[in-house]
Amino acid sequence: MRRSGTLAIMTTLLIALTTTAVLATPTEKTAIIVEGQQPPVRITHAAVLTASQGPPVIVYAAANQTDKEYEQFTVTAFVFKADGTPRARQTAPGRRTLEPHETKYSTIVLDGSPIEPTDIIVIGIDQAQLASSEEWWHTDLRPLAEAAVPVKK
């Protein structure tokens, strides 16, 4: 009787731990990536991670496409409802200093407004500054983001 009681407790504990692990595992979906014409820095991969608590986080890879060093760049994420209606826009600085042809990984936390599981996330780089220069490359991502979202009717 003692063994069966211990086995029952261990089985219950194992089920509880497994359930907790599954519920705590973040969900992942791919963000849509947009870019302007001839961007010197571009996002090559972006995934939206959503945990059971806290806001979604986009993990992205930014790659310098040139033979020049870039001092800084800015990342903008757009959130659209499932029907294509714009919901939010959030901008954040990217990682500092991208060497020629270097890729760096970073994140942007989507804590500016509530995000629904059915929302569509679009991300891109809207400006980048050459190192030791006042020269900036820039583009308007909003129309590109709006065009990239599949509209449901």
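Residues numbered from 1 in each chain as written. Predicted model: local features only at pLDDT ≥ 70, side-chain atom pairs only at ≥ 80, totals over all residues. Heavy atoms only, no water.

## Here we look at the layout of surface pockets
Step number 1: One number sums up the size of the largest pocket: a volume of about 200 Å³.
Step number 2: Taken together, T27, E28, K29, V48, T50, G54, P56, I115, E116, P117, D119 and I121 make up the lining of the largest pocket.
Step number 3: Elements represented by at least two residues in the lining of the largest pocket include exactly strand 1 (27-30) and strand 3 (41-50).
Step number 4: At three residues, the largest contribution of residues to the lining of the largest pocket is made by strand 1.
Step number 5: Of the residues assigned to the lining of the largest pocket, the class counts are five nonpolar, three polar and four charged. (1 Å grid on protein atoms, 1.4 Å probe; cavity = no way out; pocket = protein on both sides within 12 Å on 5 of 7 lines; lining within 4 Å. Points joined across faces, edges and corners; volume = space filled by probe spheres on them. Helix = DSSP H or I, 4+ residues; strand = E, 2+ residues; numbered from the N terminus. Nonpolar A, V, L, I, M, F, W, Y, C, P; charged D, E, K, R; others polar.)

## Some remarks on the environment of I125
Step number 1: With respect to the element layout, I125 can be found in strand 8 (residues 120-130).
Step number 2: With 15 residues separating them along the chain, I125 and D140 place their C-alpha atoms 9.5 Å apart.
Step number 3: Leave out the neighbours within four places in its chain, and I125 touches V34, V41, R42, I43, A62, F73, T74, V75, W137, T139 and L141. (Contact = heavy atoms within 4.5 Å.)

## Some details on the environment of H45
Step number 1: Relative to the elements of secondary structure, H45 occurs in strand 3.
Step number 2: For H45, a relative accessible area of 43% translates into the label partly exposed.
Step number 3: Along the primary structure H45 and Y105 are separated by 60 residues, whereas in three dimensions their C-alpha atoms are 9.3 Å apart.
Step number 4: Setting aside residues up to four positions removed in sequence, H45 forms contacts with I33, V59, Y60 and A61. (Buried < 20%, exposed > 50% of the residue type's maximum accessible area, 1.4 Å probe, protein only.)

## Structural notes on the side chain of D126
Step number 1: One can find D126 in strand 8.
Step number 2: The side chain of D126 sits in the buried core without any salt bridge; R89 is the nearest counter-charge, 4.5 Å away.
Step number 3: A polar side-chain atom of D126 sits 2.9 Å from a polar atom in the side chain of T76.
Step number 4: For D126, the contacting residues outside a window of four places in its chain are T74, V75, T76, R89, W137, H138, T139 and L141. (Lys, Arg positive; Asp, Glu negative; His and termini not counted. Salt bridge = Lys/Arg side-chain N within 4 Å of Asp/Glu carboxyl O. Polar contact = N/O pair within 3.5 Å; in protein donor to acceptor, adjacent residues only side chain to side chain.)

## Description of empty space enclosed by the protein
Rolled over the atoms, a probe sized like a water molecule indicates the empty space that remains.
Step number 1: On inspection of all chains with the given rule, the structure shows one cavity of 30 Å³ or more.
Step number 2: What the largest cavity holds in volume is close to 40 Å³.
Step number 3: If you go around the largest cavity, the residues you meet are V79, A88, Q90, L110, G112, S113 and I115.
Step number 4: Residue composition of the lining of the largest cavity, grouped by class: four nonpolar, three polar and no charged.

## Here's the deal with the nonpolar core
Step number 1: In terms of nonpolar packing, the biggest core is built from 22 residues, with V41, I58, Y60, F73 and I123 touching the most fellow members.
Step number 2: Among the nonpolar cores identified, the runner-up in size contains eight residues, and F78, F80, V122 and A145 belong to it. (Core = buried A, V, L, I, M, F, W, Y, C linked by side-chain atoms within 4.5 Å.)

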